[in-house]
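A closer look at the structure
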Amino acid sequence: MATEQRPGSTVPRIGVEEEFFVVDPDRGEVVPEAATVIDRARPALGARVGGEITKLHVEARTDPCRSLDELGAQLAEGRRAVQSAASSAGLRVIASASPVLGNAVPPPITEGPRQDRGNATFRGLHDELAICAVHVHVEEPDRDRAVLIGNHLRPHLPVLLALTANSPYWCERDTGYASWRSVTWGRWPVAGPPPFLTSAQQYDEHIAMLIEAGALVDHGTIFWDLRLSANHPTLEVRVTDVPVTAAESVALAALVRALVMVAGQAVESGDEGPRPVPELLRLAYWRAARDGMGGHGVDVSTGRLLPAAALADRLVRLVRPALDEAGDRQRVEDWLARLGTDGDGATRQRAAAAARGRLTDVVDEIIAQTAPGVLAEQEGTLT
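Residues numbered from 1 in each chain as written. Predicted model: local features only at pLDDT ≥ 70, side-chain atom pairs only at ≥ 80, totals over all residues. Heavy atoms only, no water.

- The name given to the protein in an unreviewed UniProt entry is Putative glutamate--cysteine ligase 2, and the organism recorded there is Micromonospora fiedleri.
- Quoted verbatim from the Catalytic activity (unreviewed entry) field of UniProt, the annotation for the protein is "L-cysteine + L-glutamate + ATP = gamma-L-glutamyl-L-cysteine + ADP + phosphate + H(+)".
- What the UniProt record of the protein gives under Function (unreviewed entry) is the line "ATP-dependent carboxylate-amine ligase which exhibits weak glutamate--cysteine ligase activity." (UniProt positions renumbered as here; feature names shortened; annotations may be inferred.)

**So, the overall build of the protein**
- Broken down by element type, the protein carries 14 helices and 9 strands.
- Scaling as 2.2 N^0.38, a compact globule of 383 residues should have a C-alpha radius of gyration of about 21 Å, and the protein matches this with 20 Å.
- Here the protein, with 383 residues, has 56% of them falling under the buried criterion.
- Summarising the internal contacts of the protein: among those between residues at least 6 apart in sequence, 76% fall at separations of at least 24.
- Carbon and sulfur atoms provide 51% of the accessible area of the protein, an area that totals close to 15800 Å².
- Across the protein, the 39 positively charged side chains and the 52 negatively charged ones have centroids separated by 2 Å. (Helix = DSSP H or I, 4+ residues; strand = E, 2+ residues; numbered from the N terminus. Rg over C-alpha atoms; globule rule 2.2 N^0.38 Å. Buried < 20%, exposed > 50% of the residue type's maximum accessible area, 1.4 Å probe, protein only. Contact = heavy atoms within 4.5 Å. Areas by Shrake-Rupley, 256 points an atom, 1.4 Å probe, with all protein chains shown as cover. Lys, Arg positive; Asp, Glu negative; His and termini not counted. Charge placed at Lys NZ, Arg CZ, Asp CG, Glu CD.)

**Quick look at the nonpolar core**
- Among the nonpolar cores identified, the biggest contains 120 residues, and V37, V82, L153, L160, L163 and L255 are the most heavily contacted of them.
- At 15 residues, helix α8 (residues 246-268) tops the list of elements feeding residues into this core.
- Not counting chain neighbours up to four residues away, the residues in contact with L163 comprise L255, M293, A312, W335, L336, L339 and D344. (Core = buried A, V, L, I, M, F, W, Y, C linked by side-chain atoms within 4.5 Å.)

**Regarding the environment of V138**
- Among the secondary structure elements, V138 is positioned in strand β5 (residues 133-139).
- For the pair V138 and P321, spaced 183 residues apart in sequence, the C-alpha to C-alpha distance is 17 Å.
- For V138, the contacting residues outside a window of four places in its chain are P12, R13, I14, P233, T234, L235, V256, R257 and V260.

**Quick look at the pattern of salt bridges**
- Scanning the model with the defined rule gives 28 salt bridges in all.
- Between D299 and R314 there is a salt bridge, and its shortest N-O distance comes to 3.0 Å. In this pair, D299 is assigned in the loop between β8 (296-298) and β9 (305-307) and R314 in helix α10 (residues 308-326), connecting sequence segments 15 residues apart.
- Judged by its relative accessible area of 4%, D299 is buried.
- Ionic pairing is found between E333 and R320, a salt bridge with its closest N-O pair at 3.5 Å. Residue E333 is found in helix α11 (residues 329-342), and its partner R320 is found in helix α10; the two are separated by 13 residues along the sequence.
- Note on E333: relative accessible area 23%, which makes it partly exposed.
- With a relative accessible area of 26%, R320 lands in the partly exposed category.
- Linked by salt bridges that have partners in common, R320, D324, R329 and E333 make up one network. (Salt bridge = Lys/Arg side-chain N within 4 Å of Asp/Glu carboxyl O.)

This is the structure:
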């Protein structure tokens, strides 16, 4: 589906980072072979592939993109390259936000001085770092404006989490949650939504305080669910589980960009953003993590329970003008329709398990959806 932006549009560029687990294809268990996959994927992706803090993770990244077609092509290329690289080593990668099979507690941590400082600082928190997210970067070079835009995004973070919930299993058991990743992540001292802030200076002063208090190793460990990127002129939204498919990551990025565009207009009119009651925002996070799109969520402005689908529909209606300006509306509305039919990632994982009562079937299904066609093409080449 081609996207067509309006003439004269000032639609910002977007970039996406996706994290994947490396698994053994026979047992379905996560394995510490990320370095092998990265080395084999680097000829195809260059700097667009890298590691994470554990040896279980591979990350594929896009360049800044203006259109969803360009973004989707790069995401598909990244997934195909890492899956092909893994397959060449007798491995696979999966787009699940938590391990389905295998003992990942504690996960093997990569070596280095920074990791040593992290171990000394966070200690047992590292024991449950086997989690995969997707990060959406939206171009915003004005840091003061980015901080205020972030204020407007804060109430919508639980809805974004529900839309992408894809981590029901943790170390071979069903947690009862749609996004267990977000539950484990919430234990960190700098996690969840950032505080309400009114300037880049206040943002920097707050970070300096956290560093002084020993809550951060460096600016790379600001693990808020949205933050000013330390390395790019972007606002980075980090609240979501990694979706099963690249198409879902594309639609998510379109929705996040539209949110940023609408929030930017509010900031230009002098609106510094809403201040939801912290307890309600925390409650909304919990309901989103527990139920995903299959239940109810919390309206952070009233505290009322509403169907998660209704909250998602309301969010899309809010940003529809920005989606239209970017030419992205159909892609996002199609995504919501598919979620209504097929369920979120957690629902689909459970459905795969229920068919024969085997968690290996869950892993096999995610392998097939992470980068469709790659393994069949490789088998065809070999035969």
